[in-house]
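Summary of the model geometry
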Protein chains: 2
Amino acid sequence: MTTINDVARAAGVSPATVSRVFNGGRVTAERAERVRRTAAELGFSPNRVARSLRMQRASVIGLIIPDIENPFFTSLARGVEDAAQQTNLSVVLCNTDEDVDKERRYLEIAAAEQMAGVIVAAASRNRTDLSVLEGRGMPVVAVDRRPRGASVDAVMVDNQHGGEEATAHLLRSGYRRIACIAGPEGASTSDDRLAGYRAVLRDHLRETGGGALRPEYVRHGDFRVEGGRAAMADLLALPEPPDAVFVANNLMTVGALEALREAGTEPPRTGVLSFGDVPWASLVRPPLSTVQLPSYDLGWTAAGLLQERIAGTARPLQTVVLRTALQVRESTSGPEA
Amino acid sequence: MTTINDVARAAGVSPATVSRVFNGGRVTAERAERVRRTAAELGFSPNRVARSLRMQRASVIGLIIPDIENPFFTSLARGVEDAAQQTNLSVVLCNTDEDVDKERRYLEIAAAEQMAGVIVAAASRNRTDLSVLEGRGMPVVAVDRRPRGASVDAVMVDNQHGGEEATAHLLRSGYRRIACIAGPEGASTSDDRLAGYRAVLRDHLRETGGGALRPEYVRHGDFRVEGGRAAMADLLALPEPPDAVFVANNLMTVGALEALREAGTEPPRTGVLSFGDVPWASLVRPPLSTVQLPSYDLGWTAAGLLQERIAGTARPLQTVVLRTALQVRESTSGPEA
DNA sequence: TTGAAAGCGCTAACAA
DNA sequence: TTGTTAGCGCTTTCAA
């Protein structure tokens with residue numbers, strides 16, 4: 001492998017000069033040109049490992065996400081990647097599978113690799129522990145989910161608002177027995193969506209004298225297809241099944257739709273509203289109403305915050321909240337439709 | 001940051017002993033225990049950057065793929081990740097967007113970061129250039145696509161066989177004007193699928209005296225949704241449109257289905273067979289016949305080969321070819337169905 | 001503007 | 001089995 005010393009010798013300068021040429025130090029144009037030429041001839045490219053060791057910081061940021069097969073996170077990853085490219089940072093993607101242990105290993109790796117910073121969509125609000133990174137003063141941005149007690153910048157979705165908007169829409173469409181398939185208890189995203197659902201429903205019941213919330217209409221899934229299917233099956237087995245369901249994430253919606261189909265009913269007779277776009281939604285019949293998430297912008301914004309921190313900008317911690325957008329399609333056109 | 005020297009001093013041993021404790025060298029049990037305890041107390045974790053510099057090799061492998069939003073590649077990535085975990089390698093995911101320049105940058109990064117090895121699904125058969133890595137003797141495994149002239153291990157799909165199987169099935173189902181939406185020219189995966197299609201169709205025409213292949217029935221798309229839609233629209237605009245179409249990848253199938261729907265026709269009247277599973281195929285109506293790809297196994301196998309190379313096993317270059325499996329569903333049940 | 005030299009944290013060769 | 005020591009390739013003082 002060609003090193004900076006080889007280039008220096010061949011070009012008749014010192015290693016320091018070569019380093020300066022590659023890092024924007026002050027070198028006379030003539031020498032700089034000579035160095036560049038020799039470097040090209042020798043096929044030299046700087047050893048980033050040595051560089052990282054010396055600088056005590058790599059030019060890599062870590063992106064830790066719970067599920068690489070969920071299009072929400074891949075789109076988020078694209079946002080991070082595109083933003084990072086602007087400052088020549090490369091992105092390392094780590095998939096935790098919603099597993100806190102796997103996540104901890106990746107956090108330790110990020111620390112040990114001296115990554116420039118980390119963007120993390122935490123596997124758990126309670127059990128994800130960012131102290132490994134915070135202890136080392138490593139810049140961290142939480143995205144989509146913020147672990148309790150973490151002192152980090154965050155970019156979040158207005159989940160409660162999204163849940164409210166979704167539930168209000170279902171009520172407006174004429175549904176009255178509205179269920180909710182929530183995510184795992186403790187996931188802040190899911191809790192907030194559920195809170196939005198409850199708030200709107202409770203108000204509605206109060207105004208119409210319609211009684212109390214029905215706890216049996218709330219089920220907790222695992223954010224996966226299977227969990228959605230099981231929850232929907234449970235709901236359909238109730239003495240009085242719901243006439244609409246608000247599903248707290250895209251994958252569970254896929255499962256819920258499958259369960260409905262198996263039971264011989266379809267939207268919009270049973271209304272279905274998905275939190276988060278279902279991939280290839282265009283192919284699903286009937287077209288699905290969704291609460292659209294700004295996944296790409298989430299990633300883009302998080303990367304921006306992280307880069308500011310890496311650059312050392314001193315400013316108070318901040319949380320950016322991005323809004324959802326309700327996309328009404330046919331799956332919620334009403335129980336009589 | 002706590003270093004190996006801090007631990008050594010605190011435990012009253014030499015740095016070398018600490019290193020040995022963490023890397024399986026011979027150390028007496030009693031001392032090892034003491035070192036481990038002090039390391040824990042001080043919150044020491046080895047600096048992987050220093051380790052990589054010294055060892056001239058990182059414990060990271062690169063996985064370079066063309067499209068992180070394509071479920072085929074995310075599933076492949078899972079296979080790689082799961083296999084890599086077994087030997088404590090971490091995986092860095094790089095997304096090239098089918099862009100040869102972006103790909104070259106990532107290959108250079110892999111070299112400069114001294115990654116232990118690279119698994120690459122090349123952006124182009126002709127223009128992807130692995131010589132940066134080969135020159136440094138870095139272990140490389142090509143997966144799904146093998147760049148021309150590269151001397152590397154490879155794990156491939158039997159694309160030609162898949163194309164033959166698909167086309168033969170369409171003929172058996174009674175379709176006679178069978179079109180093919182292929183991928184970009186030059187992509188080996190697409191070329192092979194197309195070759196399979198042509199071979200079977202040519203044989204059929206010869207046997208039945210049905211004339212020659214119709215070149216207008218072959219369109220080239222870009223492996224994306226939009227390309228599939230455009231190609232299908234072109235086919236439908238022909239004086240004599242096809243009665244079935246073999247689409248060479250999953251995303252283009254989504255586009256083709258959309259175009260069919262817009263034109264007011266649906267499978268199986270126009271037969272549609274997708275090469276590669278469409279995500280959430282269960283929700284697509286009618287259920288889609290597919291050639292199923294062993295995406296996860298592709299990744300798993302590639303990681304296995306790479307690890308052997310990293311370990312230094314000397315053996316001739318090998319190419320593993322995995323078979324596809326035809327999954328017949330309703331979208332190809334025949335033009336009269 | 002340039003070069004000499006130190007040192008980032010670790011591993012491995014060698015000596016004890 | 002253990003310790004001493006050199007050095008991986010780079011950046012960055014400091015002095016010239």
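Residues numbered from 1 in each chain as written. Chains lettered and ligands numbered in written order. Predicted model: local features only at pLDDT ≥ 70, side-chain atom pairs only at ≥ 80, totals over all residues. Heavy atoms only, no water.

1. Here's the deal with the overall build of chain A
- Each helix and strand counted, chain A has twelve helices and twelve strands in total.
- Counting every position in chain A, which comprises 337 residues, the buried fraction comes to 57%.
- Within chain A, contacts between residues separated by at least 24 positions form 70% of all contacts whose residues are at least 6 apart in sequence.
- Total accessible area on chain A stands at roughly 13,800 Å², and carbon and sulfur atoms take up 48% of it.
- Averaging the coordinates of the 39 positive side-chain charges in chain A and doing the same for the 41 negative ones gives two points 7 Å apart. (Helix = DSSP H or I, 4+ residues; strand = E, 2+ residues; numbered from the N terminus. Buried < 20%, exposed > 50% of the residue type's maximum accessible area, 1.4 Å probe, protein only. Contact = heavy atoms within 4.5 Å. Areas by Shrake-Rupley, 256 points an atom, 1.4 Å probe, with all protein chains shown as cover. Lys, Arg positive; Asp, Glu negative; His and termini not counted. Charge placed at Lys NZ, Arg CZ, Asp CG, Glu CD.)

2. Details of the packing of aromatic side chains
All names here are of chain B.
- In total, this model carries eight aromatic pairs over all chains according to the counting rule given.
- Seen from their ring centres, Phe72 and Phe73 are 4.9 Å apart, and the 70° between their planes marks the pair as edge-to-face. For the pair shown, Phe72 and Phe73 are each scored as buried. (Phe/Tyr/Trp six-rings, centres within 6.5 Å; stacked < 30°, edge-to-face > 60°.)

3. A few points about the interface of chain B and chain A
- Between chain B and chain A, the contact holds 47 residues from the first and 46 residues from the second.
- Where chain B abuts chain A, roughly 4,500 Å² becomes buried across the two surfaces, and 55% of that area is made up of carbon and sulfur atoms.
- The tally of links from chain B across to chain A stands at six salt bridges.
- Summed over the shared surface of chain B and chain A, the number is 13 residue pairs in polar contact (both at pLDDT 80 or more).
- Elements with a minimum of two residues in the side of chain B that touches chain A: helix 4 (48-55), helix 5 (71-85), strand 2 (90-95), helix 6 (100-112) and helix 11 (250-262) of chain B.
- It is helix 5 of chain B that contributes the most residues to the side of chain B that touches chain A, seven residues altogether.
- Its residues placed into classes, the side of chain B that touches chain A shows 22 nonpolar, eleven polar and 14 charged. (Buried area = accessible area lost by both parts, 1.4 Å probe. Salt bridge = Lys/Arg side-chain N within 4 Å of Asp/Glu carboxyl O. Polar contact = N/O pair within 3.5 Å; in protein donor to acceptor, adjacent residues only side chain to side chain. Nonpolar A, V, L, I, M, F, W, Y, C, P; charged D, E, K, R; others polar.)

4. Here we look at the state of the cysteines
- Evaluated as defined, the whole model comprises zero disulfides over all chains.
- Left unpaired, Cys94 of chain B is separated from the closest cysteine sulfur, that of Cys94 of chain A, by 11 Å. (Disulfide = S-S within 2.5 Å.)

5. A closer look at the protein's contact with DNA strand C
- Close to DNA strand C lie 26 residues, the nearest being Thr17, Arg20 and Arg31 of chain A together with Ile4 and Arg54 of chain B.
- Backbone atoms, meaning sugar and phosphate, make up 68% of the atoms of DNA strand C lying within 4 Å of the protein.
- Contacts to DNA strand C include Ser19 of chain B, whose side-chain N or O atom sits 2.7 Å from a phosphate oxygen. (Near = heavy atom within 4 Å.)

6. Let's talk about the relation of the copies chain B and chain A
- For the pair chain B and chain A, the best superposition has an RMSD of 0.1 Å and corresponds to a rotation of 180° with a translation of 0.1 Å parallel to the axis. Look at the turn and shift together and you get a two-fold axis relating the two.
- Both copies share a contact surface, since 98% of the interface residues of chain B are interface residues in chain A too. (Least-squares fit on C-alpha atoms with pLDDT ≥ 70 in both.)

7. Considering the side chain of Asn47 of chain A
- With respect to the helices and strands, the residue Asn47 of chain A is situated in the loop between helix 3 (29-42) and helix 4 (48-55).
- Separated by 2.7 Å, the side chain of Asn47 of chain A and the backbone nitrogen of Val49 of chain A make a polar contact.
- A polar atom in the side chain of Asn47 of chain A sits 3.0 Å from the backbone nitrogen of Ala50 of chain A.
- In this structure Asn47 of chain A touches Met1 of chain A together with Leu53, Ala112 and Gln114 of chain B, once residues within four positions along its chain are discounted.

8. Details of the sheet that holds strand 5 (residues 153-157) of chain A
Residues and elements named next belong to chain A.
- Read from one edge of the open sheet, six strands run 2-1-3-4-5-11, paired in parallel fashion. Bordering the open sheet on either side are strand 2 (90-95) and strand 11 (319-322), each of which pairs with just one other strand. In this sheet, neighbouring strand axes are inclined to one another by 15° on average, regardless of whether the strands run parallel or antiparallel. (Pairing = 2+ DSSP bridges. Axes fitted to C-alpha atoms, helices over the stretch in contact; angles between N-to-C directions.)

9. Things to note about the pattern of salt bridges
- Scanning all chains against the criterion turns up 47 salt bridges over all chains.
- Look at the salt bridges and you will find they share partners, linking Glu69, Asp97, Lys102 and Arg224 of chain A together with Arg78 of chain B into a network.

10. Regarding the UniProt feature "domain: HTH lacI-type" (unreviewed entry) in chain A
- UniProt annotation of "domain: HTH lacI-type" (unreviewed entry) refers to residues 2-55 of chain A when read in the numbering used here.
- The annotated region residues 2-55 of chain A carries 72% helix and 0% strand content, and the separation between its end C-alpha atoms amounts to 20 Å. (UniProt positions renumbered as here; feature names shortened; annotations may be inferred.)

11. A closer look at the protein's contact with DNA strand D
- Of all residues adjacent to DNA strand D, which total 26 residues, the nearest are Ile4 and Arg54 of chain A together with Thr17, Arg20 and Arg31 of chain B.
- Backbone atoms, meaning sugar and phosphate, form 67% of the atoms of DNA strand D found within 4 Å of the protein.
- Ser19 of chain A is positioned with one of its side-chain polar atoms (N or O) 2.8 Å from a phosphate oxygen of DNA strand D.
- The separation between a phosphate oxygen of DNA strand D and a polar side-chain atom of Arg51 of chain A is 2.8 Å.

12. Structural notes on the packing of helix 1 (residues 4-11) of chain B against helix 2 (residues 15-23) of chain B
All names here are of chain B.
- Packing of helix 1 against helix 2 leaves a shortest axis separation of 8 Å and a crossing angle of 105°. The pairing of helix 1 with helix 2 is recorded here as roughly perpendicular in orientation. Contacts from Ile4, Asn5, Val7 and Ala8 in helix 1 reach Pro15, Val18 and Ser19 in helix 2. (Parallel < 35°, antiparallel > 145°, perpendicular 65-115°, else oblique.)

13. Describing the sheet that holds strand 12 (residues 325-327) of chain A
All names here are of chain A.
- The strand order 7-6-8-9-10-12 describes an open sheet built from six strands, whose pairing is mixed. Every other strand in the sheet has two partners, leaving strand 7 (218-220) and strand 12 as the edge strands with one partner each. Between one strand axis and the next, the sheet turns through 15° on average, direction left out of account.
- Pairing geometry for strand 10 (residues 289-292) and strand 12, over three bridges, is antiparallel. Note on strand 12: the bridge partner recorded for Val291 is Leu326.
- In the packing of helix 9 (residues 188-208) onto the sheet, the strands contacted are strand 6 (178-182), strand 7, strand 8 (244-247) and strand 9 (271-275), and the crossing angle to strand 6 comes to about 170°.
- This element, helix 10 (residues 225-236), spans strand 6, strand 7 and strand 8 of the sheet and lies at about 150° to strand 6.

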